[in-house]
Amino acid sequence: MSKVHPSNQKITNVIVTIAAIAAIALSVFQIWQGIVANLAAPVFRPIHVSWVLALVFLAYPLFSDRKPFPIYLLGRIIDIVCVGLTCWASTQIALFDYDDISFLLDGLQSADQAAGVVLILLLLEATRRTVGLVMVLIAALFLLYAMFGNVLPDNIASKGFSVEEIIRFHIYSTNGVYGAPLAIAAGVVFMFVLFGAFLQVTGAGQFFIDMAFSVAGKYRGGPAKASVIASAALGSISGSAIANTVTTGALTIPMMKKLGYKAEQAAGIEAAASTGGQIMPPVMGAGAFVMAQFTGIPYSEILIVSIAPAILYFACTLLYVHLMACKLDLQGMTQTEKIVTVLQNGWHYLVPLILITVLLMMSYSPVLVGVVGCAAILLAAMTRKHSRISLKLFLEGLKEGALLALPISVACATAGIVVGVVGQTGIGLQFTQFLIAMSGGYLWSALALIALAAVILGMGLPVTAAYIVLSIMAVPALMDFGVTLLSAHMIVFWLSQTSNVTPPIALAAFAGAGIANASPMRSAVQAFKLAQGFFLIPAMMAFSGLIWVEGEHLHFTIGIISTISLFVAFAGGIEGRLFVPLLLWQRAVLLCMALGVLFLSDLNRLLALVVIIVVCLLNYRQQNRMLS
């Protein structure tokens, strides 16, 4: 590996310092906006985007500092030029006079149009640096469709818009770059990412990991079960399955390997658990806030209906972890800290989480709740001598919160282009008709196609961006099959998580494999098996009453029982054991009954459940015979 040139290092140190100051200032600005300023959207959103883009060009250089000095210097000069262009374009947009409606009749002035073009190009470059080339290509493809849709075949054609019309729609309105996805990212998501950063610097993250080990460490396969529990607690707030895998996995993966889990299994367990954190209330990796914006359904209602599916997902993962431990004949940890001791040292960290959950349930503004959460975690840390943080750590939290939010804001702004093109051209209707035609009119077939699209999109898009893009295209199709609005969005949101654990590109599993020193692809296969709840639970949302609806308690209860039986049947059939190894015919029966639970009516599901219980009892009797 080539050494860093001394001159490169000096330049890097200066720019890193500038970026740190800018990041801290951005966090302070966001808090000020949430508490005091309440700037109008046409002012606040361009300021947020310009700040984010400038930070991206500083924190994500064009060329690595290991390049020769002339090349690195040229790259940094280009970065600074990009920062300058960002400031000019955003100032031009922020000062635009929306009260003068003459631009609707005569078009944009040349300077305003140039500012729009420059901002979109800078946004795409920032997206390439932070998110990857795939999302850039998707956004570019949609923009090309908006421009040249008139030359396409009639069944997919659109009007075809000029550059001026596209810039006016996507930049000088709240329909494109500055649309709903960015509104969520710049407001709610930023504050909860900052909250997550403060959790880490105050030591609250370590407290939740310690709690998980105290609760589950002594049981069979303890570190693996602790990993699942810790990821459920932390993953909701971190906003990133990969970040959660790296954070908790650094501790849990080595312990799982030491206990006896194979390296690929340890990586897969951590990846599946960490990805599950994105569907766990109260924050759900920010996806629930986007869903509330898109559906108009109160966040508190989305939170309530999300609790049961999330618990079921982690129950499914824990079941697989337990069966793996039984097959490998693993035991628990010999020594774990007592729960009482852990709680005595860190009970105060629970107060902010309880507070934000209660406030969100009471339908307070999510932005305000995020600000309150940040203040609460800092105050809670200051109440105990051992958890008090220095000014340096406080500033570190402000900096890390802003830097962690960069890819999310950039991805949501770019996703706004896709959403805007769909609204401007009406392509969503054609996609809905295409999906229904491809599915042959069968809901299960449509779900399979959406799941495939989610995996493909997720290979290059962050989860939130994948959900945004997929929801505007797939939700109308699901509703045409009779699925309710909330259920359709929940299905798409869950399926959007799958790319983190699905081969051939499973980023969370690959991150876990790096820590475990394991094969990335084998780790992805293990993660896919452990995370099958991401596919089974959306199917149950579509075919059973797994989404709670007022007045349908019996249907909901049957849905939960059916889902549990589905997990047991699939896990037993795939792993080949429950209490003890299953006979071949028992595995076959369980897999057949699992399919029955998926697709049959409520009454027939109960019959399948009886068969599953009988097989479980027979296996339990086999265990008793072996023990006697």
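Named according to an unreviewed UniProt entry, the protein chain is TRAP transporter fused permease subunit originating from Vibrio ziniensis. What UniProt records for the protein chain under Subcellular location (unreviewed entry) is the sentence "Cell inner membrane". UniProt annotates the protein chain under Function (unreviewed entry) with the comment "Part of the tripartite ATP-independent periplasmic (TRAP) transport system."

Chemist: For this particular structure, what's the right way to read helix 27 (residues 584–599)?
Modeler: Each α-helix winds once per 3.6 residues, and so residues spaced three or four apart point in a common direction. Spanning 16 residues, helix 27 covers 24 Å between terminal C-alpha atoms, matching the ideal 22 Å at 1.5 Å per step. Within the span of helix 27, buried status applies to Gln586, Leu590, Ala594, Gly596, Val597 and Leu598.

Chemist: Is there a simple way to explain the packing of aromatic side chains in this structure?
Modeler: For any pair of aromatic rings, the description rests on two quantities: the centre-to-centre distance and the angle between the ring planes. By the definition in use, this model includes 18 aromatic pairs. Ring geometry for Phe192 versus Phe289: centroids 5.2 Å apart, planes at 25 degrees, classification stacked. Pair noted here: Phe192 is in helix 8 (residues 180–202) and Phe289 is in helix 13 (residues 287–295), with a separation of 97 residues, a long-range link. Each member of the pair Phe192 and Phe289 is classed as buried. On the numbers, 6.3 Å between centres and 35 degrees between planes, the contact of Tyr442 with Trp444 is tilted. The structure contains a cluster of three or more aromatic residues connected by ring pairs, namely Phe29, Trp32, Phe44 and Trp51.

Chemist: What am I meant to see in the pattern of salt bridges here?
Modeler: Two side chains bearing opposite charge may form a pair once their charged atoms approach each other closely. Following the criterion strictly, the structure yields eleven salt bridges and no others. With a closest N to O distance of 2.8 Å, Arg129 and Glu125 form a salt bridge. You can see Arg129 and its partner Glu125 sitting in helix 5 (residues 110–130), four residues apart, about one turn around the helix. Salt-bridge contacts for Lys399 lead to Glu396; the nearest nitrogen and oxygen are separated by 3.6 Å. With Lys399 and Glu396 both in helix 18 (residues 391–425), this residue pair falls three residues apart, about one helical turn. Connected via shared salt-bridge partners are Arg76, Asp79, Glu125, Arg128 and Arg129.

Chemist: Hey, could you run me through the packing of helix 16 (residues 350–361) against helix 17 (residues 366–382) in this one?
Modeler: For any two helices packed against each other, the geometry comes down to the angle between their axes and how far apart the axes lie. For the pair helix 16 and helix 17, the least separation of the axes is 9 Å and the interaxial angle reads 165 degrees. Taken together, the axis directions place helix 16 and helix 17 in an arrangement best described as roughly antiparallel. Remark: the crossing between helix 16 and helix 17 carries right-handed chirality. Contacts from Pro352, Leu355, Ile356, Leu359 and Leu360 in helix 16 reach Pro366, Val369, Val372, Gly373, Ala376, Ile377 and Ala380 in helix 17.

Chemist: How should a negative patch on the surface be read in this particular structure?
Modeler: Together, Asp97, Asp99, Asp100 and Asp106 line one region of the surface with negative charge. The topology assignment puts Asp100 in the loop between helix 3 (69–94) and helix 4 (102–106). Residue Asp100 is classed as partly exposed on the basis of its relative accessible area, which comes to 40%.

Chemist: Is there a simple way to think about the domain arrangement of the protein chain in this case?
Modeler: The accessible area lost on association of the parts is a frequent measure of interface size. Each assigned domain of the protein chain is listed here: domain 1 (6–181), domain 2 (184–422) and domain 3 (554–627). Here domain 2 and domain 3 have C-alpha centroids that lie 31 Å from each other. Counting residues at the interface gives nine residues for domain 2 and twelve residues for domain 3. Between domain 2 and domain 3 lies a buried interface of about 980 Å² when both sides are counted; carbon and sulfur atoms form 77% of it. By the criterion of area lost to domain 3, the three top residues of domain 2 are Leu312, Tyr320 and Leu323, representing 51% of everything that side buries. Applying the counting rule to domain 2 against domain 3 returns one salt bridge. Glu575 is the salt-bridge partner of Lys327, the closest N and O atoms lying 3.4 Å from each other. Along the contact surface separating domain 2 from domain 3 lie one residue pair in polar contact (both at pLDDT 80 or more). Class assignment of the residues belonging to the side of domain 2 that touches domain 3 gives a composition of eight nonpolar, no polar and one charged.

Chemist: Whenever I open this one, the nonpolar core confuses me. Can you help?
Modeler: If you look at the biggest cluster of nonpolar residues, it comprises 197 residues, and the most contacted ones within it are Ile171, Phe192, Tyr261, Ile269, Tyr313, Leu478 and Trp494. Counting residues per element, this core draws most heavily on helix 8, which supplies 15 residues. Residues in contact with Tyr261, not counting those within four places in the same chain, are Gly221, Ala224, Met256, Ile269, Val321, Met324, Ala325, Leu328 and Leu330.

Chemist: Help me out: how do you make sense of the environment of Ile304 in this one?
Modeler: Note that Ile304 resides in helix 14 (residues 299–327). Ile304 sits in the partly exposed class, given a relative accessible area of 39%. Considered as a pair, Ile304 and Arg522 are 218 residues apart in the sequence and their alpha carbons are 36 Å apart.

Chemist: Is there a simple way to explain the side chain of Glu270 in this structure?
Modeler: The residue Glu270 is located in helix 12 (residues 263–276) in this model. This buried residue, Glu270, is left without a salt bridge; Lys257 holds the nearest opposite charge, at 13 Å. If sequence neighbours within four positions are ignored, Glu270 has contacts with Ser227, Ser231, Asn244, Thr245, Thr248, Gly249, Thr252, Ile253 and Met256.

Chemist: Quick question: what am I supposed to make of the state of the cysteines here?
Modeler: A covalent bond between the sulfur atoms of two cysteines is what we call a disulfide. As enumerated under the stated definition, the model contains zero disulfides in all. No disulfide involves Cys87; its sulfur sits 11 Å from the nearest other cysteine sulfur, which is in Cys82. Look at Cys87 and you get partly exposed, because its relative accessible area is 40%. Cys374 forms no disulfide, and the closest cysteine sulfur to it belongs to Cys412, at a distance of 18 Å.

Chemist: Help me understand a nonpolar patch on the surface, please; the structure alone is not making it clear to me.
Modeler: Residues Leu350, Ile354, Val358, Met362, Tyr364 and Leu368 make up a contiguous nonpolar surface patch of roughly 540 Å² in combined accessible area. Tallying contributions element by element places helix 16 first for the nonpolar patch, with three residues. With respect to the secondary-structure elements, Leu368 resides in helix 17.

Chemist: Just checking my understanding: could you explain the packing of helix 1 (residues 6–37) against helix 8 for this structure?
Modeler: Taken N-terminus to C-terminus, the directions of helix 1 and helix 8 make an angle of 120 degrees; their axes are 10 Å apart at the nearest point. Judged by the inter-axis angle, helix 1 sits oblique to helix 8. The chirality of how helix 1 crosses helix 8 is left-handed. Seen from helix 1, the contacting residues are Leu26, Ser27, Gln30 and Ile31; seen from helix 8, they are Ala186, Phe190, Met191 and Leu194.

Chemist: Help me out: how do you make sense of unusual backbone geometry in this one?
Modeler: Keep in mind that most residues, glycine aside, have a negative phi and that most peptide bonds are trans. Positive phi values are uncommon outside glycine, yet Asp329 reaches one of about 55 degrees. Secondary-structure assignment places Asp329 in the loop between helix 14 and helix 15 (339–346). The backbone of Asn517 sits at a positive phi, close to 55 degrees, despite the residue not being glycine. The residue Asn517 is located in the loop between helix 23 (507–516) and helix 24 (520–530) in this model.

Chemist: When you look at helix 12 in this model, what are you seeing that I'm missing?
Modeler: Between its terminal C-alpha atoms helix 12 stretches 20 Å, which fits the 20 Å expected from 14 residues at 1.5 Å a residue. With 14 of its 14 residues buried, helix 12 lies for the most part within the structure.

Rules of the game
- Residues numbered from 1 in each chain as written.
- Predicted model: local features only at pLDDT ≥ 70, side-chain atom pairs only at ≥ 80, totals over all residues.
- Heavy atoms only, no water.
- UniProt positions renumbered as here; feature names shortened; annotations may be inferred.
- Helix = DSSP H or I, 4+ residues; strand = E, 2+ residues; numbered from the N terminus.
- Expected span 1.5 Å × (residues − 1).
- Buried < 20%, exposed > 50% of the residue type's maximum accessible area, 1.4 Å probe, protein only.
- Phe/Tyr/Trp six-rings, centres within 6.5 Å; stacked < 30°, edge-to-face > 60°.
- Salt bridge = Lys/Arg side-chain N within 4 Å of Asp/Glu carboxyl O.
- Axes fitted to C-alpha atoms, helices over the stretch in contact; angles between N-to-C directions.
- Parallel < 35°, antiparallel > 145°, perpendicular 65-115°, else oblique.
- Left-handed = near helix turned anticlockwise from the far one by under 90°.
- Contact = heavy atoms within 4.5 Å.
- Patch = residues over 30% accessible without salt bridge, like charges linked within 9 Å, V, L, I, M, F, W, Y side chains within 5 Å.
- Areas by Shrake-Rupley, 256 points an atom, 1.4 Å probe, with all protein chains shown as cover.
- Lys, Arg positive; Asp, Glu negative; His and termini not counted.
- Charge placed at Lys NZ, Arg CZ, Asp CG, Glu CD.
- Domains from an automatic or database assignment.
- Buried area = accessible area lost by both parts, 1.4 Å probe.
- Polar contact = N/O pair within 3.5 Å; in protein donor to acceptor, adjacent residues only side chain to side chain.
- Nonpolar A, V, L, I, M, F, W, Y, C, P; charged D, E, K, R; others polar.
- Core = buried A, V, L, I, M, F, W, Y, C linked by side-chain atoms within 4.5 Å.
- Disulfide = S-S within 2.5 Å.

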